[in-house]
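Each chain is listed here by its residues.
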Amino acid sequence: MARHGHGRVPGEKAKDFKGTMLKLLKYIGAYKYLIIVAFLFAIGATIFNIYGPKVLGKATTEIFTGLVGKISGGSGINFGKIGTILFHLLILYVIGLVFQVIQGIIMSQVAMNLTYRMRKEISIKINKL
């Protein structure tokens, strides 16, 4: 029979897709709280990474304002204020990174435990046969 695409025969369908998905959800359900925590850390990391460019925009505005002030005969760029803004930016990105790392560790643990559990059950089933 001719195969097309990703190793599937045209018109081939899963024998029990709904049952397979329910069984997979049952396996994942054991880790639902860890998945929720990982999801919250992912949201936190995203928020910090989205807010970062807004803070960087403040530094850019401060530089522009300082250059315009210097041209107009003013005091020029306030490097102290820019340093403070960039320090806050660094803190935001570090917190976002920590959130991403924690989320990655949690999801790695979930994947590892889930894979171990499924392999163990398959091994038990094969040994019975």
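Relevant structure appears above.
Cut-offs used in this document
- The residue numbering used here restarts from 1 in each chain and proceeds along that chain's sequence as written.
- In keeping with the model being predicted, local features are shown solely for residues with a pLDDT of at least 70 and side-chain atom pairs are shown and tallied solely at 80 or more, while totals for entire chains, interfaces and linings include all residues.
- Heavy atoms throughout the structure, all of them, feed into the side-chain values; hydrogens and water do not.
- Helix and strand labels come from DSSP, where a helix needs a run of H or I of at least four residues and a strand needs a run of E of at least two; each type is numbered from the N terminus.
- Using a 1.4 Å probe on the protein chains alone, a residue whose accessible area is under 20% of its type maximum counts as buried, one over 50% counts as exposed, and one in between counts as partly exposed.
- Nonpolar side chains (Val, Leu, Ile, Met, Phe, Trp, Tyr) are joined into patches within 5 Å and like charges within 9 Å, using only residues with over 30% relative accessible area and no salt bridge.
- Reported accessibility uses the Shrake-Rupley method at a 1.4 Å probe radius. Residues are deemed covered only where the shown protein chains occlude them.
- The term salt bridge refers to a side-chain nitrogen of Lys or Arg lying within 4 Å of a carboxyl oxygen of Asp or Glu.
- When charges are counted, neither His nor the chain ends are considered; positive counts come from Lys and Arg and negative counts from Asp and Glu.
- Think of each charge as sitting on NZ of Lys, CZ of Arg, CG of Asp or CD of Glu.
- Contacts are assigned to residue pairs with any non-hydrogen atoms lying within 4.5 Å of each other.
- Here the expected span of a helix is defined as 1.5 Å times the quantity of residues minus one.
- Definition of a polar contact: a pair of N or O atoms within 3.5 Å, with one able to donate and the other able to accept a hydrogen when the atoms are protein atoms, and with sequence-neighbouring residues admitted only if both atoms are side-chain atoms.
- Put simply, the grid is 1 Å and covers the protein atoms alone, a cavity is a trapped set of points that fit a 1.4 Å probe, a pocket is an open set with protein on both sides within 12 Å along at least five of seven lines, and lining residues have an atom within 4 Å of a point.
- Grid points are joined across faces, edges and corners, and a volume is the space filled by probe spheres set on the points.
- We call Asp, Glu, Lys and Arg charged. Ala, Val, Leu, Ile, Met, Phe, Trp, Tyr, Cys and Pro are nonpolar, and the rest, Gly among them, are polar.

Right, let's talk about the environment of M118 for a bit. If you trace the backbone, M118 turns up in helix α3 (residues 79-128). Judged by relative accessible area, which is 30%, M118 ranks as partly exposed.

What follows covers a positive patch on the surface. Among the surface-exposed residues, K23, K26, K125 and K128 lie close enough to one another that they form a single positively charged patch. Looking at the positive patch, the elements that each hand over two or more residues are α1 (17-29) and α3. Mapped onto the secondary structure, K125 falls in helix α3. Judged by relative accessible area, K125 falls into the exposed class, the value being 57%.

All right, on to the side chain of E62 then. Within the secondary structure layout, E62 lies in helix α2 (residues 32-71). By relative accessible area, E62 is classed as buried at 16%. When sequence neighbours within four positions are dropped, the list of residues in contact with E62 reads N78, K81 and I82.

In this section: α3. The end-to-end C-alpha distance of α3, which contains 50 residues, comes to 73 Å, matching closely the 74 Å that a straight helix rising 1.5 Å per residue would cover. Along α3, the positions that sit buried rather than exposed are I82, I85, L89, L92, G96, I106, V110 and L114. Buried positions along α3 lie against α1 and α2. Of the residues that open α3, the one with a side-chain oxygen 3.3 Å from the backbone nitrogen of G80 is N78.

With that settled, consider the layout of surface pockets. What the largest pocket holds in volume is close to 170 Å³. What lines the largest pocket is simply K23, K26, Y27, M118, E121, I122 and K125. Taken together, the elements giving at least two residues each to the lining of the largest pocket come down to α1 and α3. Among the elements that take part in the lining of the largest pocket, α3 stands out by supplying four residues, more than any other. Among the residues making up the lining of the largest pocket, the classes are represented as three nonpolar, no polar and four charged.

All right, on to α2 then. With 40 residues, α2 extends 59 Å from end C-alpha to end C-alpha; this agrees with the ideal 58 Å at 1.5 Å per step. All buried positions along α2 are accounted for by A38, G44, A45, G52, V55, A59, E62 and G66. Its buried side turned inward, α2 meets α3. The positive-phi residue at the C-terminal boundary of α2 is G73, with phi of around 95°.

The next point concerns the pattern of salt bridges. This model, assessed by the stated rule, comprises two salt bridges. The partner of K81 in a salt bridge is E62, and the shortest N-O contact between them spans 3.4 Å. Note that K81 is positioned in helix α3 and E62 in helix α2, a separation of 19 residues in sequence. Here E121 ties to R117 by a salt bridge, and the two come within 3.5 Å at their closest N and O atoms. You can see E121 and its partner R117 sitting in helix α3, four residues apart, about one turn around the helix.

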